[in-house]
Amino acid sequence: EPFDFDVTAYRYDSADDGDADGVMDIGSDPTDNGTTPAFAASTQLLISSITPAGGSVGAFSPGTIAAGAFAAGVAPVTSASYTEVGSMVLRATTT
């Protein structure tokens, strides 16, 4: 069933990056860092992990968000879909 969500650009805080690789750690909470309202970049959406372990990584749609979809650092995504069951971690990266 299709679902909706927002992709929000948050400011970097080293407290959310325990291994200092420049990427926020899974499980950290960036919502107290503040947003980056001027952010507007083409963004790729990727499945980075799934459960149950050993399951199949399905197809996720949409695979990208256009830079123009961001307003005040937030891009709404509507009618997203994932072809498998279980849970996933969705990662957004700029392209």
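This one's a predicted model, so the numbers in the text were calculated from it and none came from an experiment.

Rules of the game
Residue indices begin from 1 for each chain and proceed along its sequence in written order. Residue-level local features of this predicted model are given only where pLDDT is at least 70; pairs of side-chain atoms are given and counted only at 80 or more, and the full residue set underlies all totals for whole chains, interfaces and linings. Side-chain figures throughout are based on the complete set of non-hydrogen atoms in the structure, without hydrogens or water. Strands qualify as paired when DSSP identifies two bridges or more between them. Under the scheme used here, helices are H or I runs from DSSP no shorter than 4 residues and strands are E runs no shorter than 2 residues, and both carry numbers assigned from the N terminus. Residue burial is assigned from relative accessible area. The probe radius is 1.4 Å, only protein chains are included, and a residue is buried under 20% of its type maximum, exposed over 50%, and partly exposed in between. Between two residues, a contact is recorded if the distance between any of their heavy atoms is within 4.5 Å. The nonpolar core is taken to be a set of buried Ala, Val, Leu, Ile, Met, Phe, Trp, Tyr and Cys residues, with the residues joined through side-chain atoms within 4.5 Å. Neither His nor the chain ends contribute to the count of charged residues, in which Lys and Arg are positive and Asp and Glu negative. A carboxyl oxygen of Asp or Glu within 4 Å of a side-chain nitrogen of Lys or Arg is what we treat as a salt bridge.

> So what exactly am I meant to see when it comes to the sheet that holds strand β4 (residues 64-65) here?
Here we have three strands laid out as an open sheet, ordered β4-β2-β6, and antiparallel in their pairing. Both edges of this open sheet fall to β4 and β6 (87-94), since each of them pairs with a single strand only. Pairing geometry for strand β2 (residues 43-51) and β4, over two bridges, is antiparallel. Each bridged residue has a counterpart across the sheet, and for Q44 the counterpart in β4 is T64.

> What should I look at first to understand the sheet that holds strand β3 (residues 60-61) in this one?
Pairing between the strands of a sheet comes from backbone hydrogen bonds, and it takes one of two forms, parallel or antiparallel. A sheet is described by the order of its strands in space; here three strands give the open sequence β1-β5-β3, paired in antiparallel fashion. Only two strands of the sheet have a single neighbouring strand rather than two, namely β1 (3-8) and β3. Sheet topology places β1 next to strand β5 (residues 74-82); five bridges connect them, and they run antiparallel. Each bridged residue has a counterpart across the sheet, and for T8 the counterpart in β5 is V74.

> How should the environment of L90 be read in this particular structure?
Along the polypeptide, L90 turns up in strand β6. L90 sits in the partly exposed class, given a relative accessible area of 31%. Along the backbone, L90 and D6 are 84 residues apart, and their C-alpha atoms lie at a distance of 12 Å. Each residue touching L90, except ones within four places of it in the same chain, is listed here: F5, L45, L46, I47 and F60.

> Help me understand the nonpolar core, please; the structure alone is not making it clear to me.
Considering soluble globular proteins, one finds that nonpolar side chains tend to be buried as a cluster. F5, V7, L45, I50, F60, I65, F70, A75, V77, A80 and Y82 together form the largest nonpolar core, which totals 11 residues. Of all the elements in the fold, those that place two or more residues in this core are β1, β2 and β5. With near-sequence residues (within four places) excluded, I50 lies in contact with G55, S56, V57, Y82, S87 and M88.

> Sorry if this is basic, but what is going on with the side chain of D17 here?
With respect to the helices, strands and loops of the structure, D17 is situated in the loop between β1 and β2. No salt bridge is formed by the buried D17; its nearest oppositely charged neighbour, R91, is found at 8.9 Å. Beyond its immediate stretch of four places on either side in the chain, D17 contacts Y12, G22, V23 and D25.

> What should I look at first to understand unusual backbone geometry in this one?
For residues other than glycine, phi is negative in most cases, and the peptide bonds are mostly trans. Following T51, the chain continues to P52 via a peptide bond in cis, the omega torsion being 5 degrees. Relative to the helices and strands, P52 resides in the loop between β2 and β3. Even without glycine at this site, A72 takes up a positive phi of about 55 degrees. Its place among the elements puts A72 in the loop between β4 and β5. The residue S79 is not glycine, and still its phi comes out positive at about 55 degrees. Considering the arrangement of structural elements, one finds S79 in strand β5. On the basis of relative accessible area, S79 is assigned to the exposed category, the value being 53%.

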